Amino acid sequence: MKEGQKNDTFLLKENQMRVIADFIRYIVVGGLAFIIDFSCLVFFTEIVGFHYLVSAPIAFIISLIFSYLLCVKWVFKYRVFTNKRIESSLFCVVGLFGILITEGILTIFTPVVGDYKIVKIISTAVVLFWNFFMRRYLLFKPAQIKKSNSDKRPAQKNFSE
C-alpha cells in the first residue's frame, strides 16, 4: 500500500470513529431528551387533558430545545455554520420533520396498538436515527476528507475548544 493510501485509510477510519463517538453522545442526549419528551407528552395528555396528537408536538418542541443546547455544547465538535440563527433554524427544520414522522406513526399505529405511549417509544427510535444523521451531515459535519498524497488534514471549524 502506498503512503498516500495509508493516510487516506487512516483518515477514513478516524472519521468513522468520530461518527460512532458522536452517535454515542447523541444517544445519551437523546435518552435525556426522550425522558423530557415522554414526560411532557404524558403530562399534557393525562393531566392537562390534551389529545395525544396535540400533546406530542408540544412535548417534542420542549425536548428539541433541550437537545439543541446539548448537541452544540457536547455532542458535535464541528459546525458547518458560524451563524447560530441559521444553525438553530436548520436544527429545528430537521426536528419539524421528526415531528411529522412522529405524528404519522402515532396517527397510523396508535389505533392498531391501542396505547399511544407504546407507539411513541417506537416512533422515538425511528426519529432518533433521522435526527442524528440529518443533523450530523447538514449541521455538524467535519470537513470532507480529500484524497491526496498529503499528510495535511482538511481545515475544520471546531467550536468546542
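Reading the values: rules and limits
- Residues numbered from 1 in each chain as written.
- Predicted model: local features only at pLDDT ≥ 70, side-chain atom pairs only at ≥ 80, totals over all residues.
- Heavy atoms only, no water.
- Helix = DSSP H or I, 4+ residues; strand = E, 2+ residues; numbered from the N terminus.
- Buried < 20%, exposed > 50% of the residue type's maximum accessible area, 1.4 Å probe, protein only.
- Contact = heavy atoms within 4.5 Å.
- pLDDT = per-residue confidence, 0-100.
- Core = buried A, V, L, I, M, F, W, Y, C linked by side-chain atoms within 4.5 Å.

## Some words on the side chain of Lys120
1) Next: Mapped onto the elements, Lys120 comes out in helix H4 (residues 116–138).
2) Next: With a relative accessible area of 1%, Lys120 lands in the buried category.
3) Next: If we ignore the near neighbours within four places in the chain, the residues touching Lys120 are Asp37, Phe38, Leu41, Phe60, Thr102 and Leu106.

## Looking at the confidence of the model for the chain
1) Next: The predicted model of the chain averages 82 in pLDDT, with 81% of residues at 70 or higher.
2) Next: Looking across the chain, the model is least confident in helix H1 (residues 3–47), with a mean pLDDT of 83, and most confident in helix H3 (residues 84–113), with 92.
3) Next: Counting interchain partners and residues more than four positions distant, the pLDDT-below-50 stretch residues 145–156 has 22 contacts.

## Quick notes on the nonpolar core
One broad rule of soluble globular proteins: the nonpolar side chains tend to lie buried together.
1) Next: Core analysis: the largest hydrophobic core is formed by 14 residues, its most contacted members being Tyr26, Cys71, Val75, Phe76, Phe91, Phe132 and Phe140.
2) Next: It is helix H2 (residues 52–75) that provides the largest number of residues to this core, a total of 5 residues.

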